[in-house]
Amino acid sequence: MKRVRAEVLSARRLGEYHSLTIVAPEIAERARPGQFIGVRMPAGREFLLRRNFAIHQASRRGGWAGTVEFCFEPHGPGTQLLGQAKAHEFLDVIGPLGKGFAYPKKLTNCLLIAEGHGAASIYFLAQELIARGKRVDMIIGAASFASVFKPIEGKRLSQTITIVTADGSLGERGSVLEALPAMVEKTGTEVVYAAAPTRSLERIAAFCRERRLPAQVAVEERFGCGLGLCFSCVVPVARKDGTGYDNLRACVDGPVFNPARVLWDRWLAEEPQMLPTPPEGLPVVREWPG
Ligand SMILES: Cc1cc2nc3c(=O)[nH]c(=O)nc-3n(C[C@H](O)[C@H](O)[C@H](O)COP(=O)(O)OP(=O)(O)OC[C@H]3O[C@@H](n4cnc5c(N)ncnc54)[C@H](O)[C@@H]3O)c2cc1C
């Protein structure tokens, strides 16, 4: 993992997403699909933690060599601030972080599934799979037309693609889960990769388990440090020898996991209340007094 002061080479809008390309050769050289970066925010209590983003592109050759691209939808204070970043500004970035996707040795037909910004890492993965002679098909889902991430890029990278939107404004109306059985049949899927919100990943995992399809999923758990120190992002994962499970840290042991070994019920049932409501009658103390 490297920490770099990275110049913003370009800042672009892509529908509802913002894309930032930064000059970070030390990160680009080592980056694999599924890994992520942590971007430092301006000093201050509001922005104590770095914001994490999947690596969408890491160019090692050609005119863009040494650059890393990441994409996001501005919603909270951190992503809104990053949405204002301009070319030639500098960002404090650490990466590449986490463990990326593994590539199949023998199996060939890969079905890649993404919802929303999950497509950022899935397209990077598609490039690497194609370079290894694999067949890539995709299901890309989003709420609406504007939040389908780079649909033309998806079409370029896949043999066949199904685009689904919740409101039917692009592709078929529906969800990636609804499109999954038909795509598996049509493409002779042998391996599934997915990056999507956790509840969708849980259902994709159940489908793959039932069909005995090997799969890998990239989870997005909330991190404190992103470096494996704070244990705020643990995921319960069954041991290979069947003797129980370990709480693995999504930031360093993931974010890519074998979904067949994730104990989804235990994990999602244990989701912490980020802001518990104080019992009635107790004062809400927001600042240390004095
Ligand atoms: C491994 C990983 C990869 C990610 N990749 C992308 C990406 O490619 N594009 C993208 O738009 N977003 C991505 N996210 C989510 C992104 O980190 C959050 O949207 C962002 O940090 C929100 O910050 P905020 O200040 O705008 O919002 P706030 O909601 O105010 O954030 C408050 C705190 O919660 C954390 N947080 C909020 N939402 C999430 C979330 N969904 N997952 C994890 N932590 C969250 C923030 O990091 C911050 O510490 C990724 C998250 C992880 C863990």
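Each residue is numbered by its place in its chain's sequence as written, counting from 1. With the structure being a predicted model, the display of local features is reserved for residues of pLDDT at least 70 and the display and counting of side-chain atom pairs for 80 or more, all residues being used for whole-chain, interface and lining totals.

Focus on the pairing of strand β3 (residues 36-39)
Neither face of β3 is open: one carries Phe36 and Gly38, the other Ile37 and Val39, and all of them are buried. Sheet topology places β3 next to strand β4 (residues 51-54); four bridges connect them, and they run antiparallel. Bridge pairing in β4 links Gly38 to Asn52. In short, DSSP must find at least two bridges between two strands for them to pair. What counts as a helix is a DSSP run of H or I of at least four residues, what counts as a strand is a run of E of at least two, and both are numbered from the N terminus. Relative to strand β7 (residues 90-97), β3 runs antiparallel, the two sharing three bridges. Each bridged residue has a counterpart across the sheet, and for Gly38 the counterpart in β7 is Ile94. Working definition of burial: number of other C-beta atoms within 10 Å of the residue's own, with buried at 20 or more, exposed at 12 or fewer, and partly exposed in between, all C-beta atoms being placed from the backbone.

Topic: the sheet that holds strand β13 (residues 215-218)
Taken in spatial order, the seven strands make up an open sheet running β11-β10-β9-β8-β12-β13-β16, and their pairing is mixed. The open sheet is flanked by β11 (172-173) and β16 (256-257), the only strands paired with a single partner. Relative to strand β12 (residues 191-195), strand β8 (residues 109-115) is paired through five bridges, and the arrangement is parallel. Counted as the bridge partner of Ala114 is Ala195 from β12. Throughout, a pair of residues is in contact if the C-beta atoms placed from their backbones lie within 7 Å. Simply put, an axis is a line fit to the C-alpha atoms, just over the touching stretch for a helix, and the angle between two N-to-C directions goes from 0 to 180 degrees. Across the face of the sheet, helix α5 (residues 176-187) comes into contact with β8, β9 (135-142), β10 (161-165) and β11 while running at roughly 165° to β9. On top of the sheet, helix α6 (residues 198-211) reaches β8, β12 and β13; it is set at about 175° to β13, its chief contact.

Focus: the confidence of the model for the protein chain
Caution applies to low-pLDDT parts of the model: their predicted coordinates are not meant to be read in detail. Every residue is assigned a pLDDT by the predictor, reflecting its confidence on a scale from 0 to 100. Predicted confidence across the protein chain gives a mean pLDDT of 91, with 92% of residues reaching 70 or more. Long-range and interchain partners of residues 283-290, a stretch whose pLDDT sits below 50, account for one contact in this model, where long-range means more than four residues apart.

Here we look at the domain arrangement of the protein chain
Domain delimitation in this document rests on an assignment produced automatically or drawn from a domain database. According to the domain assignment, the protein chain consists of domain 1 (2-97) and domain 2 (109-269). Centre-to-centre separation of domain 1 and domain 2, based on C-alpha positions: 22 Å. At the level of elements, β3, β4 and β6 (67-72) are the ones that each hand at least two residues to the side of domain 1 that touches domain 2. With three residues, the top contributor of residues to the side of domain 1 that touches domain 2 is β6. Each residue is assigned to one class: nonpolar for Ala, Val, Leu, Ile, Met, Phe, Trp, Tyr, Cys and Pro, charged for Asp, Glu, Lys and Arg, and polar for all the others, Gly among them. Considered class by class, the residues forming the side of domain 1 that touches domain 2 number eleven nonpolar, six polar and three charged.

Some thoughts on the environment of Asp137
With respect to the helices and strands, Asp137 occurs in strand β9. Judged by the 22 C-beta atoms lying within 10 Å of it, Asp137 is buried. Distance from Asp137 to Thr160, taken between C-alpha atoms, is 5.1 Å for residues 23 residues apart in sequence.

Considering the environment of Ser10
With respect to the helices and strands, Ser10 occurs in strand β1 (residues 2-14). Judged by the 14 C-beta atoms lying within 10 Å of it, Ser10 falls in the partly exposed class. Residues Ser10 and His88, spaced 78 residues apart in sequence, show a C-alpha to C-alpha distance of 8.0 Å. Not counting residues up to four positions away in its chain, the partners in contact with Ser10 are Thr21 and Ala87.

Some details on the site of the ligand
Using a C-beta atom placed from the backbone, a residue is described as near a molecule or strand when that atom lies within 6 Å of it. Within the structure, the ligand sits among 21 residues, and Ala54, Phe72, Gly76, Gly78 and Thr79 are positioned closest to it. Secondary structure elements with two or more residues in the shell around the ligand: β4, β6 and α2 (77-82). The element contributing the most residues to the shell around the ligand is β4, with four residues. Tallied by class, residues from the shell around the ligand come to eleven nonpolar, six polar and four charged. In this structure, the shell around the ligand is formed jointly by two domains, domain 1 (2-97) and domain 2 (109-269), each of which donates at least three residues.

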